[in-house]
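Chain by chain, the residues run as shown.
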Amino acid sequence: MASSTLICDTEPWKDLKEHLEEIKKTHLRDLMNDADRCKAMMVEFDGMLLDFSRQRATVNTLDKLFKLAEAAHLREKISRMFNGEHINSTENRSVLHVALRASKDAVIQSDGRNVVPDVWQVLDKIRDFSERVRSDSWVGATGKALTEVIAIGIGGSFLGPLFVHTALQTDPEALICARGRQLRFLANVDPVDVAKNITGLNPETTLVVVVSKTFTTAETMLNARTLREWISSALGPQAVAKHMVAVSTNLTLVEKFGIDPNNAFAFWDWVGGRYSVCSAVGVLPLSLQYGFSVVEKFLKGASSIDQHFYSAPFEKNIPVLLGLLSIWNVSFLGYPARVSMESNGKGVSIDGVLLPFEAGEIDFGEPGTNGQHSFYQLIHQGRVIPCDFIGVVKSQQPVYLKDEVVNNHDELMSNFFAQPDALAYGKTPEQLLNENVSPHLIPHKTFSGNRPSLSLLLPSLDAYNVGQLLALYEHRIAVEGFIWGINSFDQWGVELGKSLASQVRKQLHASRKKGEPVKGFNFSTTTMLTRYLEASAD
Ligand code: F6P
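Scoring rules and cut-offs
- Residues numbered from 1 in each chain as written.
- Predicted model: local features only at pLDDT ≥ 70, side-chain atom pairs only at ≥ 80, totals over all residues.
- Heavy atoms only, no water.
- Pairing = 2+ DSSP bridges.
- Helix = DSSP H or I, 4+ residues; strand = E, 2+ residues; numbered from the N terminus.
- Axes fitted to C-alpha atoms, helices over the stretch in contact; angles between N-to-C directions.
- Near = heavy atom within 4 Å.
- Polar contact = N/O pair within 3.5 Å; in protein donor to acceptor, adjacent residues only side chain to side chain.
- Areas by Shrake-Rupley, 256 points an atom, 1.4 Å probe, with all protein chains shown as cover.
- Buried < 20%, exposed > 50% of the residue type's maximum accessible area, 1.4 Å probe, protein only.
- Core = buried A, V, L, I, M, F, W, Y, C linked by side-chain atoms within 4.5 Å.
- Contact = heavy atoms within 4.5 Å.
- Salt bridge = Lys/Arg side-chain N within 4 Å of Asp/Glu carboxyl O.

**Student:** In this structure, what is going on with the sheet that holds strand 12 (residues 387-392)? I would like to understand it.
**Tutor:** Hydrogen bonds along the backbone pair up the strands of a sheet, which may run parallel or antiparallel. Read across the sheet, four strands follow the order 1-2-13-12 without closing on themselves; strand pairing throughout is mixed. Strands with a single pairing partner mark the edges of an open sheet, and in this sheet they are strand 1 (42-45) and strand 12. If you compare each strand with its neighbour and ignore which way they point, the axes differ by 15° on average. As paired elements, strand 1 and strand 2 (residues 48-51) share four bridges and run antiparallel to each other. Note that in strand 2 the partner of Val-43 across the bridge is Leu-50.

Here you go:
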């Protein structure tokens, strides 16, 4: 395929379009009866079991998807990523988050340089710093231990670390390591969030980590100035050196802000913001909370999936299978949502050609059975939304009640096993009649079924498995992008809103400082801004 050919113009794509007509005639109820098909749609790797038999696909569909992968040069693109080529062409950068979790002896080149020693230099610095803070050899300005950490950051400098923290918060080993410590995240610039973060905290025992790749993000920098003020007004300006550290690629701006560059933890432009949790972005705050050795396990889990993604044949390659099935659901079956990550969702190909198909899905989800009591009505009888069910064999916090054989975790997992079948099989009017359901209720109680899902069963949710999960979903995004022919590693789509906000910020400044009237905006925005300025002046 020539680089400027759109994937939808290739033979495998057209073939899949034709094949769709066959699949439309099938129902998962029947497909699930074919044990050979179901067996072919299960894959195991490093403790995890993926069952994708409830996808609206046959073995034939998979073969055709593998041909599509070939037409998109998927294998070559994966290798180009791991080899540090500048596959993020719009920013002229390598995409090397896999180097962040590579073992010390690995060699991964970017621009002719092995980046692994740089990665490990920062990891070792984090290990040392976090150990000093955790063992009270690095203390606050008044000599008190720094037991609370506020990580300020937004977007990729927040969501990944929050995800891992949420998972580890209940892991027994991590919990023991976190005893007596607190980790909070401040992302939003709403003053209410600042208040929520500092409520109950004492500046004397708080360490603030400012996490920003660019060190220019408006929300993060304002929050950082706010907390700098909180610290210095309580403890004096000299306290900032002991109470504030930074994670950034821009060490010059870190120093300008007033943080000692020795207390800054670097990462590099070949780490995309949305792919940065395995850099100091996540590793520093998480190591302060849980200790470096727990976080190292998380990195090892991610690395295990990286190696699998790089080398496993596509038929057994979990991220590749996930990505191909997403393409099938979004671009062929036309299902627009899924109960994932960015930065897909582009309007043009990597060569700038307008895409005649959707390249990205809307993701949402909920833990446990919460979704069951809210949006599951929609996914069972309303819109068709392919679901990923992720379950674990061993609970992190098992509860065994006397006299109850089916324990709490079994109860949770009963739903994990039941929901995919409910979606796949549905319930027919005939079944309802046999159950003596009154005729007027039959349309309401009928479930069409034939709704795709996949199930991923992990041994548990410790740091290692969390790392695996993270890498799996990162690579799924890459696979989708490689096949759609888009750049999954840039995100120009978020820039317009930011620059308009900066125009508004300038206007607010001019109006407040010099009384200048609102100008240069449309009628609606002018009216709203004027009202805001007038009403907030009192
Ligand atoms: O707005 C998107 C984005 O640029 C993300 O890529 C990034 O994770 C986030 O903003 C925060 O950026 P930074 O880490 O530079 O503060």
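Next, the rest of the story.
**Student:** I tried to follow the site of the ligand on my own but got confused; where do I start?
**Tutor:** By nearness alone, 13 residues border the ligand, and Ser-157, Ser-212, Thr-214, Thr-217 and Gln-491 come closest of all. A distance of 2.7 Å is found between an oxygen atom of the ligand and a side-chain nitrogen or oxygen belonging to Ser-157. Thr-217 is positioned such that a nitrogen or oxygen atom in its side chain is 2.5 Å from an oxygen atom of the ligand. Considered on its own, the ligand offers 390 Å² of accessible surface; in the complex 89% of this is hidden by protein.

**Student:** Teacher, can you tell me more about the pairing of strand 7 (residues 206-211) here?
**Tutor:** Within a regular beta strand, the side chains point alternately toward one face of the sheet and then the other, so they alternate between its two faces. Most of strand 7 sits inside the fold, with six of its six residues counted as buried. Side chains of strand 7 alternate between two faces, with Thr-206, Val-208 and Val-210 and Leu-207, Val-209 and Val-211 buried alike. Here strand 5 (residues 148-152) pairs with strand 7 via five bridges, running parallel. Bridge pairing in strand 7 places Val-149 opposite Leu-207. Two strands pair when backbone bridges link them, and strand 7 and strand 8 (residues 244-248) are joined in this way by four bridges, in the parallel orientation. Directly across from Val-209, in strand 8, lies its bridge partner Val-245.

**Student:** What is the right way to look at the side chain of Arg-54 in this model?
**Tutor:** As for its position among the elements, Arg-54 is in the loop between strand 2 and helix 4 (59-71). A polar contact of 2.8 Å, which involves the side chain of Arg-54, links it to the side chain of Asp-421.

**Student:** Help me understand the nonpolar core, please; the structure alone is not making it clear to me.
**Tutor:** In a soluble, globular protein the nonpolar side chains are often hidden away together inside. If you look at the biggest cluster of nonpolar residues, it comprises 119 residues, and the most contacted ones within it are Phe-298 and Ile-483. A per-element tally of this core places helix 20 (residues 463-484) first, with 13 residues. The contact partners of Phe-298, leaving out residues within four places of it in the chain, are Val-164, Val-277, Cys-278, Ala-463, Tyr-464, Val-466, Gly-467 and Leu-470. By size, the runner-up hydrophobic cluster in this structure holds 22 residues, among which are Ile-150, Ile-152, Val-194 and Leu-201.

**Student:** What's the story with the pattern of salt bridges in this structure? I'm lost.
**Tutor:** Side chains that differ in charge, positive against negative, can pair when their charged atoms come close. Taken as a whole and assessed by the stated rule, the structure comprises 21 salt bridges. We note a salt bridge from Arg-101 to Glu-474, for which the minimum N-O separation is 2.7 Å. Just as Arg-101 is buried, Glu-474 falls in that class too. Between Asp-388 and Arg-476 there is a salt bridge, with its nearest N and O atoms 2.9 Å apart. Linking Asp-388 in strand 12 with Arg-476 in helix 20, this pair joins segments that are 88 residues apart in sequence. Of the two residues examined, Asp-388 and Arg-476, each falls in the buried class. Several salt bridges share partner residues, and in doing so they unite Asp-51, Arg-54 and Asp-421 into one network.

**Student:** Looking at this structure, how should I read the sheet that holds strand 6 (residues 182-186)?
**Tutor:** Pairing is parallel in the open sheet, where five strands are placed in the order 6-5-7-8-9. Where the open sheet ends on each side, the last strands, each with one partner, are strand 6 and strand 9 (264-266). Neighbour-to-neighbour, the strand axes of this sheet turn through a mean angle of 20°, independent of strand direction. Across the sheet, helix 6 (residues 116-134) is in contact with strand 7, strand 8 and strand 9; its angle to strand 9 comes to roughly 150°.

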